[in-house]
Amino acid sequence: MRHTISILLENEAGALSRVAGLFSARGYNIESLTVAPTEDSSISRMTLVTRGSDEIIEQITKQLNKLIEVIKLIDLTEGGHIERELILVKINVASVNQREEIKRLVDIFRGRIIDVSDANYTVEMTGTGEKLDAFIKAIEPPLIVEVVRSGVSGIARGNISLRV
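Residues numbered from 1 in each chain as written. Predicted model: local features only at pLDDT ≥ 70, side-chain atom pairs only at ≥ 80, totals over all residues. Heavy atoms only, no water.

Chemist: Can you help me understand the layout of surface pockets in this one?
Modeler: Any space left empty among the atoms is revealed by the rolling of a water-sized probe across them. Volume-wise, the largest pocket comes out at about 240 Å³. In terms of lining residues, the largest pocket is bounded by 16 residues, among which Arg 2, Glu 85, Gly 129, Arg 149 and Val 152 are the most central. Of all the secondary structure elements, the ones that give two or more residues to the lining of the largest pocket are β2 (30-37), β3 (43-51), β5 (81-92) and α4 (129-138). For the lining of the largest pocket, the per-class residue count stands at 2 nonpolar, 5 polar and 9 charged. The space that makes up the second largest pocket amounts to roughly 210 Å³. Considering the residues around the second largest pocket, the lining is formed by Leu 8, Ala 36, Pro 37, Thr 38, Glu 39, Asp 40, Ile 43, Arg 45, Leu 162, Arg 163 and Val 164. For the lining of the second largest pocket, the secondary structure elements donating two or more residues are β2 and β3. Looking at the lining of the second largest pocket residue by residue, the class counts come to 6 nonpolar, 1 polar and 4 charged. (1 Å grid on protein atoms, 1.4 Å probe; cavity = no way out; pocket = protein on both sides within 12 Å on 5 of 7 lines; lining within 4 Å. Points joined across faces, edges and corners; volume = space filled by probe spheres on them. Helix = DSSP H or I, 4+ residues; strand = E, 2+ residues; numbered from the N terminus. Nonpolar A, V, L, I, M, F, W, Y, C, P; charged D, E, K, R; others polar.)

What follows is the structure, encoded as structure tokens:
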């Protein structure tokens, strides 16, 4: 099962490396990893997505909690939560028909064209991974020049929060 784990950790050199090392040493895969400082510059928030049985995820969370840099963590999958991802897609639009079709698709998926050149549009879009995957599938593969994805960011719904 897919799990989204949100972690507060000390913002210091080597913290990310130790978390990644924990996963690689045990043969677990990280599907997505996003890290950035919080409102407190000494603390970072890491959101990672992995797959495993409940027992494996329990083992992962126990091991993560043992790391000195980890302040607090929550498995967002255990309750209601919101996930979003950012994607930037450079699309070849050499013909007028392609330009109109891509504009239509971008509007349908509620994205934005953020850069225009003679032969390319660069599209920015946020949403769930499924929405972004659907957008990519809707574009003819030869038209895609480049794709950049941010990875998942997530937050719990309601009164649940990950705070120090």
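Chemist: Before we go on, may I ask you to explain the sheet that holds strand β4 (residues 70-75) in this structure?
Modeler: By way of backbone hydrogen bonds, the strands of a sheet pair with one another, either parallel or antiparallel. A sheet is described by the order of its strands in space; here 4 strands give the open sequence β2-β3-β1-β4, paired in antiparallel fashion. The open sheet is flanked by β2 and β4, the only strands paired with a single partner. Across the sheet, the axes of successive neighbouring strands diverge by a mean angle of 15°, strand direction being ignored. Pairing of strand β1 (residues 2-10) with β3, which is carried by 9 bridges, proceeds in the antiparallel orientation. From the neighbouring strand, Ile 7 faces β3, where its bridge partner is Met 46. (Pairing = 2+ DSSP bridges. Axes fitted to C-alpha atoms, helices over the stretch in contact; angles between N-to-C directions.)

Chemist: Explain the environment of Arg 104 here, please?
Modeler: Mapped onto the elements of the fold, Arg 104 is located in helix α3 (residues 96-108). Assessed through its relative accessible area of 43%, Arg 104 is described here as partly exposed. Distance in space between the C-alpha atoms of Arg 104 and Asp 133 is 17 Å, their sequence separation being 29 residues. (Buried < 20%, exposed > 50% of the residue type's maximum accessible area, 1.4 Å probe, protein only.)

Chemist: How do you make sense of unusual backbone geometry when you look at a structure like this?
Modeler: Note: most residues except glycine have negative phi, and most peptide bonds are trans. At Arg 110, a residue that is not glycine, the phi angle is positive and equals roughly 60°. Along the chain, Arg 110 falls in the loop between α3 and β6 (112-116). Residue class for Arg 110 comes out exposed when judged on its relative accessible area of 74%.

Chemist: For this particular structure, what's the right way to read helix α1 (residues 15-25)?
Modeler: One turn of the α-helix equals 3.6 residues, which is why residues spaced by three or four share an orientation. If you check which residues of α1 are buried, you get Ala 15, Val 19, Leu 22 and Phe 23. End-on, the buried residues of α1 take up no more than an arc of 95°, which puts them together on one face. Away from the buried face of α1 by more than 90 degrees, exposed residues Ser 17, Ser 24 and Ala 25 are located. Packing partners of the buried residues in α1 comprise β1, β2, β3 and α2 (54-66). Backbone geometry just after α1 places Gly 27 at a positive phi near 75°. (Arc of directions from axis to C-beta. Contact = heavy atoms within 4.5 Å.)

Chemist: Would you mind showing me how to read the environment of Ala 134 here?
Modeler: Examined against the element boundaries, Ala 134 turns out to sit in helix α4. Separated by 25 residues in sequence, Ala 134 and Phe 109 have C-alpha atoms that sit 9.0 Å apart.

Chemist: I keep staring at the pairing of β3 and nothing clicks. Help me out?
Modeler: Along any regular strand the residues' side chains alternate between the sheet's two faces. In terms of burial, β3 is a largely internal element, 7 of the 9 residues being buried. Judged from the 7 bridges that link them, β2 and β3 form a sheet pairing that is antiparallel. Bridge pairing in β3 places Val 35 opposite Met 46. As consecutive antiparallel partners, β2 and β3 are separated by 5 residues.

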